[in-house]
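Reading the structure
Okay, here's what each chain looks like letter by letter:
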Amino acid sequence: MKTIQRAACALASILAVAVLAPNLLRAQEDAEKAWTMLFDGKDFAGWQVYFGKAGTGNDGTFTVQDGILICSGKPAGYMVTEKSYGNYTLQFDFAFKRPEGLKDDAEFRGNSGCLIHVGEQNALGVWPRSIEVQGANRQMGVILPIPRDLKCTRTFDGQALASVLRPVGQFNRIEIEVQGGDMTISINGAVVSTVRDCELTAGPIGIQSEGAETHWKNIRIREK
């Protein structure tokens, strides 16, 4: 009798999986369809560049190689989406080119970042009015208001960053959850910083050129 009961339970489990599997698959497919690629791995359609003055062009600062967006880091400036966004999840993979001879990652001074809610140009040097999600290796995820008196509340968890940050040269997965003036920034699945009550609530998204060669891929957005 026990053998029959066990067999019946096993059969019921198999049938339950068979019934649920299509629904789970459809849910996964729908979740993937909700994402829109901001960079198609081929060209810069949907983006503009800015290097300090109107009318400046991209003369090799941003290039595409094997589906990866490569930024030389020079001169200082940024790529920015033509479209404005307010409520969304932004996700991308980000890495610095590892310098030859680098033995200690703590000595690496490479810098870059992602700009959220891009607004007025030249609010701080070449940088626009925005919220910068810091890309500098030792402070990845730190929040920097531009200009510095821009109103917002921010947090940063250095221990969380240290526990997940990958070596220089390897890609880190960055996810920025944006709900108007509130943001949550995760790196490789760990929440490292937050923004609350920012006076900026919508705007384009920017990618910085700030001195070091950086690589970007899988740049995608899911709007709410």
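Scroll up for the structure.
A word on the pattern of salt bridges. What the rule picks out here adds up to five salt bridges. The salt bridge involving arginine 98 is made with aspartate 105; its shortest N-O contact spans 2.9 Å. Residue glutamate 199 pairs with arginine 129 through a salt bridge whose shortest N-O separation is 2.8 Å. Highlighted residues: glutamate 199 in the loop between strand 13 (190–196) and strand 14 (206–209) and arginine 129 in the loop between strand 7 (113–116) and strand 8 (130–134), separated in sequence by 70 residues. According to the relative accessible area criterion, glutamate 199 is partly exposed, its value standing at 40%. Taking the relative accessible area as the measure of exposure, arginine 129 reaches 23% and is therefore partly exposed.

Geometrically, the link from lysine 74 to proline 75 is a cis peptide bond, its omega value of -5° lying close to zero. Of note, asparagine 122 is a non-glycine position whose phi angle comes to about 55°, a positive value. Positionally, asparagine 122 belongs in the loop between strand 7 and strand 8. You can call asparagine 122 partly exposed: its relative accessible area is 35%. The phi torsion at aspartate 197 lies on the positive side, around 55°, for a residue other than glycine.

This part is about the environment of arginine 154. Residue placement: arginine 154 occurs in strand 10 (residues 153–156). A relative accessible area of 43% places arginine 154 in the partly exposed class. Sequence separation of arginine 154 and valine 142 is 12 residues, and the distance between their C-alpha atoms is 8.8 Å. Setting aside anything within four residues of it in sequence, one finds arginine 154 in contact with Ile143, Leu144, Pro145 and Thr194. From its side chain, arginine 154 meets the backbone oxygen of isoleucine 143 in a polar contact 2.9 Å long.

Spatial ordering of the open sheet is given by 2-5-14-7-8-9, a layout of six strands whose pairing is antiparallel. Each having just a single partner strand, strand 2 (47–50) and strand 9 (143–146) make up the two edges of the open sheet. With direction set aside, neighbouring strand axes in the sheet form an average angle of 25°. Sheet topology places strand 7 next to strand 14; two bridges connect them, and they run antiparallel. Residue pairing for strand 14: leucine 115 is matched across the bridge by glycine 206.

Moving on to the side chain of asparagine 137. Mapped onto the fold, asparagine 137 is located in the loop between strand 8 and strand 9. Ignoring any residue separated from it by four or fewer positions in sequence, one finds asparagine 137 in contact with Phe96, Asp105, Phe108, Gly110, Leu165 and Val168.

Scanning all chains against the criterion turns up zero disulfides. Free cysteine: cysteine 152, not disulfide-bonded; nearest cysteine sulfur from cysteine 198 at 5.1 Å.

Within the element layout of this structure, leucine 115 appears in strand 7. Residues leucine 115 and glutamine 134, spaced 19 residues apart in sequence, show a C-alpha to C-alpha distance of 8.6 Å.

Once that is clear, we can look at the environment of lysine 97. Within the secondary structure layout, lysine 97 lies in the loop between strand 6 (87–96) and strand 7. Lysine 97 gets classed as partly exposed once you look at its relative accessible area, which sits at 48%. Sequence separation between lysine 97 and glutamine 170 is 73 residues; the distance between their C-alpha atoms is 8.3 Å. Excluding anything up to four places from it in sequence, lysine 97 contacts Phe108, Glu213 and His215.

A few words now on the nonpolar core. Counting 45 residues, the largest nonpolar core has Leu90, Phe92, Ile116, Ile131, Ile176 and Ile219 as the members making the most contacts within it. The greatest single-element share of this core, amounting to five residues, is contributed by strand 6. Excluding residues that lie within four positions of it along the chain, leucine 90 makes contacts with Leu38, Cys114, Ile116, Ile174, Glu175, Ile176, Ile205, Ile219 and Arg220. One finds Tyr50, Val118, Trp127 and Ile146 within the second-largest nonpolar core, a separate group that totals eight residues.

The rules behind each value
- Residues numbered from 1 in each chain as written.
- Predicted model: local features only at pLDDT ≥ 70, side-chain atom pairs only at ≥ 80, totals over all residues.
- Heavy atoms only, no water.
- Salt bridge = Lys/Arg side-chain N within 4 Å of Asp/Glu carboxyl O.
- Helix = DSSP H or I, 4+ residues; strand = E, 2+ residues; numbered from the N terminus.
- Buried < 20%, exposed > 50% of the residue type's maximum accessible area, 1.4 Å probe, protein only.
- Contact = heavy atoms within 4.5 Å.
- Polar contact = N/O pair within 3.5 Å; in protein donor to acceptor, adjacent residues only side chain to side chain.
- Pairing = 2+ DSSP bridges.
- Axes fitted to C-alpha atoms, helices over the stretch in contact; angles between N-to-C directions.
- Disulfide = S-S within 2.5 Å.
- Core = buried A, V, L, I, M, F, W, Y, C linked by side-chain atoms within 4.5 Å.

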